[in-house]
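Geometric and topological summary
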Amino acid sequence: MIPRYALPEMADLLSDQTRYATWVQVEILASQAQVRLGRVPAQAVADMRRARVPSVARIAEIERVRDHEVLSFLAAYCEDLPDESARWVHLGMTSYDLVDTALGHTLAQAADLLSGAARRLRRVLADRAAEHWDTAIMGRTHGIHAEPTTFGHKLAGFAFAVDRSLGRLAAAREAVAVGTISGSVGTYALIDPSVEAYVCAELGLGIEPAPSQVVARDRHAQLVQAVAALGGCIEQLALEMRLLQRTEVREVEERRTVGYQGSSAMPHKRNPTTSERLCGLARLLRGYASAVSEDVALWHERDLAHSSVERVALPDALMVGHYQAVMAADLVETLAVFPERMSANIDQTRGLVYSSAVLAELLENGMEREQAYRAIQTAANLTDSSAEDFGATLSKAGIDVGPLRPERFLVNHTVIRDRLESLRELED
């Protein structure tokens with residue numbers, strides 16, 4: 001991922017140097033387990049612990065000759081070991097015992113980082129929803145004025161969407177936090193299953209129950225799909241913020257820096273660029289999810305077609321998802337809200353948005369539905385084609401339903417507020 005969309009904590013975790021450090025950790029733990037079985041001398045493990053993690057540059061240098069990353073890593077690592085200790089490294093293991101077990105450990109940590117960012121986003125959304133619970137805003141369907149709601153209600157919907165995404169991420173983390181140290185084709189022919197049990201326990205991982213030499217790729221697909229689902233929820237939030245920032249609407253606005261410039265040619269421009277960026281990144285996440293889903297089906301016990309995809313899609317998806325969640329929380333936390341503009345937009349159609357309340361009242365008073373609907377529609381059309389308020393055209397039609405205000409739509413709104421308060425009680 002280009003640095004523009006990668007925050008340091010996630011980028012560092014998913015860097016090549018950190019990956020090789022994790023490989024060293026797995027090799028040491030596996031050898032330690034073999035010491036317990038009497039197959040590896042304790043001195044060899046002591047030497048392994050003292051050895052340096054090989055550099056990315058040195059491994060790449062060796063790989064140009066060997067054309068095999070794991071063997072190049074092992075060769076570089078063993079350069080810092082005595083010969084009598086180096087020969088015990090990787091005993092009984094195959095490449096993907098190392099790669100996939102380390103990957104499970106890294107993906108679990110990455111999922112934790114992403115979940116932390118998503119929990120902050122949930123809290124910010126819930127807090128600002130409570131702040132604006134009574135801030136009336138025009139509800140729109142098909143892009144057209146429908147009935148009044150509140151800005152807090154809008155934000156609450158996004159908060160609950162992020163909460164559902166957190167549930168999906170938790171399930172995906174559990175699915176992907178597994179390892180396998182079972183040897184070629186996964187039969188444990190040259191390595192005792194207790195080695196796998198020890199290593200995975202030390203790393204906080206589960207065990208692939210029927211390994212085929214690799215960890216099953218549906219696990220990784222589940223993780224990236226969960227990241228993409230969160231990205232879609234953030235996209236929905238960002239799209240709403242884009243729509244509410246249009247000049248004709250202007251009910252909210254993104255935070256601007258002192259030196260902000262929105263256009264090279266038009267100095268007046270104030271563009272919703274953060275929201276647009278969040279929408280664009282969601283498209284990337286769906287692409288990564290599709291690519292990783294293609295990795296589930298491998299030939300026989302394994303092939304290597306998934307490797308090239310994962311080298312790009314897994315770190316990129318996690319870095320983009322993490323960046324997106326952090327930026328979305330910043331956007332909502334600093335969002336400027338204009339209640340006066342919201343109120344003006346409700347009044348823009350001079351009361352037409354209260355037609356459903358009028359219809360309900362006429363039906364409750366005994367008028368037949370079709371008659372009531374047509375009478376209100378006629379009055380609405382007159383309002384739409386004249387300068388009169390809806391209340392005036394209703395009066396001309398002999399319909400008097402009292403004051404038309406947003407509060408008439410929010411009588412039972414408190415039930416949603418109660419649900420929101422339960423969400424706010426959850427910990428970050």
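Refer to the structure printed above.
Parameters at a glance
Here the residue index of a chain counts from 1 through its sequence in written order. Predicted model: local features are reported for residues with pLDDT of at least 70 only, side-chain atom pairs are reported and counted for 80 or more only, and whole-chain, interface and lining totals are derived from all residues. Hydrogen atoms and water are omitted, and side-chain values are computed over all heavy atoms in the structure. Helical segments are the DSSP runs of H or I of at least four residues, strand segments are the runs of E of at least two, and each set is numbered from the N terminus. Throughout, radius of gyration means the C-alpha value; the globule benchmark is 2.2 Å times the number of residues raised to the power 0.38. Under the scheme applied here, a residue whose accessible area is under 20% of the maximum for its type counts as buried, over 50% as exposed, and between as partly exposed, the area being computed with a 1.4 Å probe on protein chains only. Any two residues having at least one pair of non-hydrogen atoms within 4.5 Å are treated as being in contact. Here the accessible surface of atoms and residues is derived via Shrake-Rupley with a 1.4 Å probe, and residues count as covered only by protein chains that are part of the display. By convention, a stacked pair of Phe, Tyr or Trp rings (six-membered ring in the case of Trp) has centres within 6.5 Å and planes under 30 degrees apart, an edge-to-face pair has planes over 60 apart, and any other such pair is tilted. For a ring to carry a charge above it, either NZ of a lysine or CZ of an arginine must fall within 6 Å of the ring centroid while also lying within 35 degrees of the normal to the ring plane. To qualify as a nonpolar core, a set must consist of buried Ala, Val, Leu, Ile, Met, Phe, Trp, Tyr and Cys residues joined through side-chain atoms within 4.5 Å. N or O atoms closer than or at 3.5 Å make up a polar contact, with two conditions inside protein: a donor-capable atom paired with an acceptor-capable one, and, for residues adjacent in sequence, both atoms drawn from side chains. Pairing between two strands requires that DSSP report at least two bridges joining them. Any carboxyl oxygen of Asp or Glu that lies within 4 Å of a side-chain nitrogen of Lys or Arg is treated as forming a salt bridge with it. Helix axes are fitted only over the stretch in contact, all axes being lines through C-alpha atoms; the angle between N-to-C directions runs from 0 to 180 degrees. Angle categories are assigned with fixed cut-offs, so that under 35 degrees is roughly parallel, over 145 is roughly antiparallel, 65 to 115 is roughly perpendicular, and the rest are oblique. We call a crossing left-handed when the near helix sits turned anticlockwise from the far one by less than a right angle, and right-handed when that turn is clockwise. Here the term charged refers only to Asp, Glu, Lys and Arg, the term nonpolar to Ala, Val, Leu, Ile, Met, Phe, Trp, Tyr, Cys and Pro, and the term polar to all other amino acids, Gly among them.

1. Re the overall build of the protein
What the protein contains, in helices and strands, is 17 helices and six strands. For 428 residues, the compact-globule estimate of 2.2 N^0.38 gives 22 Å, and the C-alpha radius of gyration of the protein, at 30 Å, exceeds that figure by more than 25%. Structurally, the protein occupies a C-alpha span of about 100 × 55 × 40 Å along its principal axes. Within the protein, the fraction of its 428 residues that count as buried is 49%. Partitioning the contacts of the protein with sequence separation of at least 6, the portion at a separation of at least 24 is 75%. As presented, the protein carries roughly 20500 Å² of accessible surface, and 52% of it is formed by carbon and sulfur atoms.

2. Side note on the packing of aromatic side chains
Scanning the entire structure with this criterion turns up five aromatic pairs. When the centroid spacing of 6.0 Å and the interplanar angle of 20° are considered together, the rings of Y20 and F73 count as stacked. Here Y20, found in helix 2 (residues 16–36), pairs with F73, found in helix 5 (residues 69–78); they are 53 residues apart in sequence, far enough to count as distant. For Y20, a relative accessible area of 4% puts it in the buried group. Centroid distance W23 to F73: 5.1 Å. Interplanar angle 85°. Geometry classified as edge-to-face. With a gap of 50 residues between them, W23 in helix 2 and F73 in helix 5 connect regions that are remote in the sequence. Each member of the pair, W23 as well as F73, carries the same accessibility label: buried. Aromatic ring contacts, followed pair by pair, group Y20, W23, F73 and Y77 into a single cluster. Directly above the aromatic system of Y260 lies the positively charged group of R256, at a separation of 4.6 Å from the ring centroid.

3. A word on the nonpolar core
With 72 residues, the main nonpolar core has L125, F151 and M241 as its most contacted residues. Looking at this core, the elements with two or more residues in it are helix 1 (8–13), helix 7 (95–131), helix 8 (151–176), helix 10 (218–244), helix 11 (273–293), helix 12 (305–333) and helix 17 (414–424). Residue contributions to this core peak at 14 residues, all from helix 12. Core analysis: the second largest hydrophobic core is formed by 42 residues, I28, W88, L98 and V195 among them.

4. Details of the environment of E310
Examined against the element boundaries, E310 turns out to sit in helix 12. A sequence separation of 185 residues divides E310 from L125, and the C-alpha atoms of the two residues are 32 Å apart. Sequence-distant contacts of E310, defined by excluding residues within four places in its chain, comprise L103, R217, D295 and P315. A polar contact is formed between the side chain of E310 and the side chain of R217, at a distance of 2.7 Å.

5. A short note on the pairing of strand 2 (residues 144–150)
As paired elements, strand 1 (residues 136–141) and strand 2 share five bridges and run antiparallel to each other. In the strand pairing of strand 2, M138 is matched with P148. In sequence, strand 1 turns back onto strand 2 through a hairpin of two residues, with H142 there showing a positive phi of about 60°.

6. Points about the pattern of salt bridges
One pass over the full model with this rule turns up 27 salt bridges. With a shortest N-O distance of 2.7 Å, R120 and D330 are connected by a salt bridge. Here R120, found in helix 7, pairs with D330, found in helix 12; they are 210 residues apart in sequence, far enough to count as distant. Residue D127 is joined to R123 by a salt bridge in which the shortest nitrogen-to-oxygen separation is 3.9 Å.

7. A short note on the side chain of R256
You can see R256 is positioned in the loop between strand 5 (252–253) and helix 11. Taking the relative accessible area as the measure of exposure, R256 reaches 17% and is therefore buried. Within polar-contact distance, the side chain of R256 engages the backbone oxygen of N271 at 2.7 Å. Discounting residues that sit within four places of it in the chain, R256 has contacts with Q245, R270, N271 and P272.

8. Some points on the packing of helix 10 against helix 12
When two helices pack together, you describe them by how their axes are tilted relative to each other and by the distance separating the axes. Relative orientation of the contacting elements helix 10 and helix 12 amounts to 30°, with a least axis distance of 10 Å. Regarding the angle of helix 10 to helix 12, the classification is roughly parallel. Crossing geometry of helix 10 relative to helix 12 is assigned as left-handed. For the pair helix 10 and helix 12, the contacting residues are H220, L223, V224, V227, G231, I234, L237 and M241 in the first and L314, A317, L318, G321, Q324, A325, A328, L331 and V332 in the second. Of the residues in the contact of helix 10 with helix 12, the class split is 13 nonpolar, four polar and no charged.

9. Observations concerning the packing of helix 7 against helix 8
Between helix 7 and helix 8, the least distance of the axes is 9 Å, while the angle of their chain directions is 165°. In terms of their interaxial angle, helix 7 and helix 8 are classed as roughly antiparallel. Pair helix 7 / helix 8 crosses with left-handed handedness. Of the residues that constitute the contact of helix 7 with helix 8, the class distribution is 17 nonpolar, three polar and six charged.

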